[in-house]
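Working through the structure, step by step
Each chain is listed here by its residues.
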Amino acid sequence: MTDDAHGTSQPRGRFAAGAVAGLLAAGVALGMAQLAAVVVDGQAAPVIAVGSAFIDATPVWLKDFAIRTFGTNDKPVLIGSIFVVLALLACVTGALSVRRPVAGYAGVAALGGVGAVAALSRPTASAVWAIPSVVGAVAGLGALAVLLRPLWAGPGSAPERTTRRDPTGPPSWTERVSGYLGGVDRKGAGFDRRAFLVSSIGAAAVGAAAGGAGRAALAKRFDVTASREAVRLPAPASPAGPVPSGADLELPGLSRFRTPTNDFYRVDTALVVPQVSTQDWRLRVHGMVDHELELTFDDLLQRRMIERDVTLTCVSNEVGGEYVGSARWLGAPLADLLREAGVHGDADQLVSRSQDGMTIGTPTAVVMDGRDAMLAVGMNGKPLPAVHGFPVRMVVPGLYGYVSATKWVVDLELTTFARTRPYWVKRGWVAKAPIKTMSRIDTPRPLARLKPGTVAVAGVAWAQHRGVRGVEVRVDGGPWAHARLAASPSVDTWVQWVWEWAAEPGNHTLEVRATDRSGATQPEKRTQPFPSGATGWHSTVVTVA
């Protein structure tokens, strides 16, 4: 019995099967594209390329929303969203193919074109980056054709070719296309469920196998684990001193003075973490200099090394946010390298480029003013993790990361602010961005229920390269009380603070503010991170009962 016996269930069944066909064809396309990316670059895979292009086009308000809402999970959420949208488009394309095969094939080709254009838009792309998307589109077209055939080839009701308008004359181009791509007289066609099931299983197997093989091959080809494990960090010529006694108050809930590497925040635009081996790494210093330089990783390790405790802060950090962390960094002084290259007097901007094409602009004068700006190779006593910039990244104390902390750095160009606008400046962020004085309450946590009596209110404060002079706390808008500051080894690190509060029953609002060593106190008014960093007092509400 064919679907005709069920009346209207016949077209519904075909449309549903068409949607499944579109989804499976998309799976085959993505799997084959992933496999093709192995011979090109992992960033050329369609989903990654489209996601990266989307990040570049994302307006500031949407970027801030994603960071506030999803935190460090923003990238998985983006990739997942792309897959969801692609699945919906694939289902619609497949359903359209039931009556209009040409429209379905055109949809598959269009999706492949979007992937190719996105891949070619990447800063480091070459023409071959379009290959994965093209391969995927061709594979998807073939899979869709195979999957659609059983929908019109049911037993007992073989499909008839579309009726010719003029059977005595040559076929028109539309009739030729219809014939090649499966144009049929749908009234007499059947649905061969068995053949469709077999085709579907085959397509699913091909897509899964190709995608799995592609992911495994990419992970193997571009994995830098072995390269990182082979690195032996040199002893610093200028080691960091021991952390002063009392720098870490070791209170429950209080951020540690030195952030564990695994807990250190990560904010960047890379959907795929760049994998650069020490053997392949090169650093070029050029632009407005007397002598262009090129260094290998071994060259860098042979230079004078310094070791410093430095706190980094992301400009996207909201008041009370967690995009701030302190680590012990090992690296070569950046100023020494620039002096060796001979920086021209009017070169007021150092533009650094990462392996994935990100550009970041840093004021040259800041790098050269005596602070411990460095090309870091070590973090907390070990080589940099890949997610934090292995093999080399920049660290410049006192500036937000978007103007100083380039990961996977491979190029340094001396230029001017008038001539070059780096990635974030093009998107409206200010070109020069010193970190603003800020403080945060770590404990008690928001909405905590406390017992009456003495409560340790504690947190961290930072004003990198100026240092923190004092921290004050108040309850329910009352008078400010001075908190006790922990010891701090440097003006480039945050400092812990604690205030003993005689807590009484009731609901209470705790507020904190810091004053830096220049005498400036963080302002009360809250502002958003865009375009130069957030301001405002951090507060938390607790209940004492």
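Owing to the predicted nature of the structure, the values given are computational and were not obtained by experimental measurement. (Residues numbered from 1 in each chain as written. Predicted model: local features only at pLDDT ≥ 70, side-chain atom pairs only at ≥ 80, totals over all residues. Heavy atoms only, no water.)

The next subject is the sheet that holds strand β12 (residues 409-415). With mixed pairing, 5 strands are arranged side by side in an open sheet as β4-β3-β12-β7-β8. Each end of this open sheet is capped by a strand with a single partner; those strands are β4 (293-296) and β8 (359-363). Mean inter-strand twist for the sheet, computed between neighbouring axes without regard to direction, equals 15°. In the sheet, strand β7 (residues 349-354) pairs with β12 via 6 bridges, with the strands oriented antiparallel. The residue of β12 that forms the bridge with V351 is E413. (Pairing = 2+ DSSP bridges. Helix = DSSP H or I, 4+ residues; strand = E, 2+ residues; numbered from the N terminus. Axes fitted to C-alpha atoms, helices over the stretch in contact; angles between N-to-C directions.)

In this structure, L86 sits in helix α4 (residues 74-99). With a relative accessible area of 18%, L86 lands in the buried category. Each C-alpha atom of the pair L86 and R469 lies 53 Å from the other, and the pair is 383 residues apart in sequence. Every residue in contact with L86, bar those within four places of it in the chain, is listed here: L30 and L111. (Buried < 20%, exposed > 50% of the residue type's maximum accessible area, 1.4 Å probe, protein only. Contact = heavy atoms within 4.5 Å.)

With that settled, consider empty space enclosed by the protein. Counted by the stated rule, this structure contains 1 cavity of 30 Å³ or more. Forming the walls of the largest cavity are T313, C314, V315, N317, Y400, I435, K436, M438, W462, G533 and A534. Residue composition of the lining of the largest cavity, by class: 7 nonpolar, 3 polar and 1 charged. (1 Å grid on protein atoms, 1.4 Å probe; cavity = no way out; pocket = protein on both sides within 12 Å on 5 of 7 lines; lining within 4 Å. Points joined across faces, edges and corners; volume = space filled by probe spheres on them. Nonpolar A, V, L, I, M, F, W, Y, C, P; charged D, E, K, R; others polar.)

Taken across its 8 residues, strand β5 (residues 306-313) has 7 buried, putting it largely inside the fold. When β5 meets strand β6 (residues 324-333), the two strands line up antiparallel, connected through 8 bridges. Across the sheet, the residue bridging to I306 is G331, located in β6.

Right, let's talk about the pattern of salt bridges for a bit. A pair can form between side chains of opposite charge whenever their charged atoms are brought close. Taken as a whole, this structure holds 21 salt bridges when the rule is applied. Between D268 and K407 there is a salt bridge, with the nearest N and O atoms lying 2.9 Å from each other. Here D268 is found in the loop between α9 (225-229) and β3 (282-287), whereas its partner K407 is found in the loop between β11 (393-395) and β12, with 139 residues between them in sequence. Here D268 and K407 have matching classes, each one buried. E413 serves as the salt-bridge partner of R353, at 2.9 Å between the closest nitrogen and oxygen. Taken together, the positions of R353 in strand β7 and E413 in strand β12 put the pair 60 residues apart, joining distant regions of the chain. Residue classification places E413 among the buried residues on the basis of a relative accessible area of 18%. (Salt bridge = Lys/Arg side-chain N within 4 Å of Asp/Glu carboxyl O.)

All we've got here are geometric facts, nothing functional implied.
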